[in-house]
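# Chain and residue survey
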Amino acid sequence: MRRKLLPGLAISLATALCSCGTSTGAAPQQVALGAVTSVTPSATGVPNAVATVGSYEFVSVQGTGQIFTYNVSTGAQVFASVYATPCKDPSGMVVTAIGGVNVLAVVCYDTGSLVTLTINGDGSLTALGSVGGLGTPYPGTALSGTDVLIPIFGKNLVSNGGVAKVSIATPAAPAITGMTTLASPVAGGYANPGFVTLANGYIYVAAGSESLPVDQSSTIQVVNEATMTLVGSPLTVAHSPQQIAVANGVAFVTFYDAAQLESIDVSNPASMKVLGVAPLTASGSAGGSSTGAAACNAIPVAMIGTNLYAGCYDQATVQRLDVSDPTAIKVLQNVSGIVNPQRLVVDGAALLVPSAQAGGAVYRIGLGAP
């Protein structure tokens with residue numbers, strides 16, 4: 001049976017079980033997708049994650065082990081510097097200010113570690129510290145204060161994956177402060193988390209699975225952030241859940257194989273309930289009403305207000321959807337030519353989208369009035 005893994009990992013395995021969570025930084029009226037520009041960090045490496053602070057944008061590149069810095073103060077991505085990490089496959093990244101210093105925390109997929117870097121005034125990076133022992137950390141990380149929350153992939157047919165909490169409160173000495181193992185989706189099944197997001201003190205986890213029956217073994221699971229314990233029972237969902245955005249008590253989950261967006265009532269995290277399932281097509285319809293249109297194999301997701309953005313991985317498209325009514329999701333807009341979108345990061349007046357292919361671009365899609 002074909003194992004579903006994350007597109008864009010330098011190991012070049014196919015499709016995801018898989019930083020971007022819910023983002024509400026831009027004003028609600030700045031929602032429409034606009035002009036597209038792009039840069040190519042490396043001719044051979046695979047762009048994986050994007051993080052931003054102030055006038056700087058950081059791009060992790062797998063295969064070459066590099067992090068590229070761009071100055072975006074003019075609205076364009078202007079190369080500033082490049083940093084060589086101690087690993088081959090840097091992936092998920094988060095940024096936070098600690099003691100008046102901006103710190104970039106980077107997960108290393110190939111070494112099972114997390115490294116911390118000082119962000120200097122010119123956007124260049126300087127090594128701070130590191131911690132290992134993270135097994136197989138996936139890129140879909142989240143930040144809570146000075147804690148980095150990391151999905152840890154399991155061993156298929158061997159053991160469940162889980163969620164790690166790493167404190168970077170002392171940036172030069174990051175430390176693992178919690179580790180939770182997910183519940184088995186079905187008897188004898190194995191949960192493999194690829195993405196986490198945080199809302200109201202709870203960690204929401206997208207956990208794919210290749211356990212039989214395949215259509216009943218993927219789950220959404222919830223972890224109490226404070227205690228790092230599981231909350232309630234896993235919610236069974238379609239195969240290959242990818243990324244999650246949570247807002248106003250509703251989680252929106254993308255699905256690669258099922259080519260759909262699912263809305264879930266998480267107002268009571270211990271008792272989640274599905275609100276609606278919207279089949280997606282790359283031509284711009286939700287609900288399966290577009291005859292003959294290509295299915296949208298959705299992976300990345302981000303939100304501004306009631307506008308949700310989803311990336312159609314195989315169809316090179318980013319969509320804007322109206323999720324004001326979670327039971328009746330509508331596609332508002334499509335932007336094509338965005339090759340293999342694997343992350344969507346809202347940065348002020350732009351949406352940043354790294355492409356999961358060797359020599360791939362990082363797209364910058366303007367956000368403006370609809």
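What comes next concerns the included structure. Keep in mind the model is a prediction, meaning the values are calculated, not measured. (Residues numbered from 1 in each chain as written. Predicted model: local features only at pLDDT ≥ 70, side-chain atom pairs only at ≥ 80, totals over all residues. Heavy atoms only, no water.)

## What about the pairing of strand β17 (residues 229-237)?
Strand direction decides the pairing type here: strand β16 (residues 218-224) and β17, joined by six bridges, are antiparallel. If you follow Asn 224 over to β17, its bridge partner there is Thr 229. In sequence, β16 turns back onto β17 through a hairpin of four residues, with Met 228 there showing a positive phi of about 55°. (Pairing = 2+ DSSP bridges. Helix = DSSP H or I, 4+ residues; strand = E, 2+ residues; numbered from the N terminus.)

## What about the nonpolar core?
Among the nonpolar cores identified, the biggest contains 19 residues, and Phe 252 and Leu 308 are the most heavily contacted of them. Only β18 (241-247), β19 (250-255), β22 (298-304) and β23 (307-312) provide two or more residues apiece to this core. Setting aside chain neighbours within four positions, we find Leu 308 in contact with Phe 252, Leu 261, Val 301, Ala 302, Met 303, Gln 319, Arg 320, Leu 321 and Val 323. (Core = buried A, V, L, I, M, F, W, Y, C linked by side-chain atoms within 4.5 Å. Buried < 20%, exposed > 50% of the residue type's maximum accessible area, 1.4 Å probe, protein only. Contact = heavy atoms within 4.5 Å.)

## Re the sheet that holds strand β15 (residues 202-208)
The sheet built from four strands is open, its strands ordered β14-β15-β16-β17 with antiparallel pairing. Across the chains shown, the open sheet's two edge strands, defined by having one partner strand only, are β14 (192-199) and β17. Going across the sheet, the axis of each strand differs from the next one's by a mean of 20°, ignoring polarity. Examined bridge by bridge, β14 and β15 share seven bridges and lie antiparallel to one another. The residue of β15 that forms the bridge with Asn 192 is Gly 208. (Axes fitted to C-alpha atoms, helices over the stretch in contact; angles between N-to-C directions.)

## Describing the environment of Gln 66
Here Gln 66 is to be found in strand β4 (residues 66-71). Exposure remark for Gln 66: the relative accessible area of 22% places this residue in the partly exposed category. Along the backbone, Gln 66 and Val 82 are 16 residues apart, and their C-alpha atoms lie at a distance of 6.7 Å. If we ignore the near neighbours within four places in the chain, the residues touching Gln 66 are Val 59, Ser 60, Val 61, Val 82, Tyr 83 and Pro 90. In this structure the side chain of Gln 66 is engaged in a polar contact, spanning 2.9 Å, whose partner is the side chain of Thr 64. (Polar contact = N/O pair within 3.5 Å; in protein donor to acceptor, adjacent residues only side chain to side chain.)

Bear in mind that shape data such as this cannot, by itself, settle questions of function.
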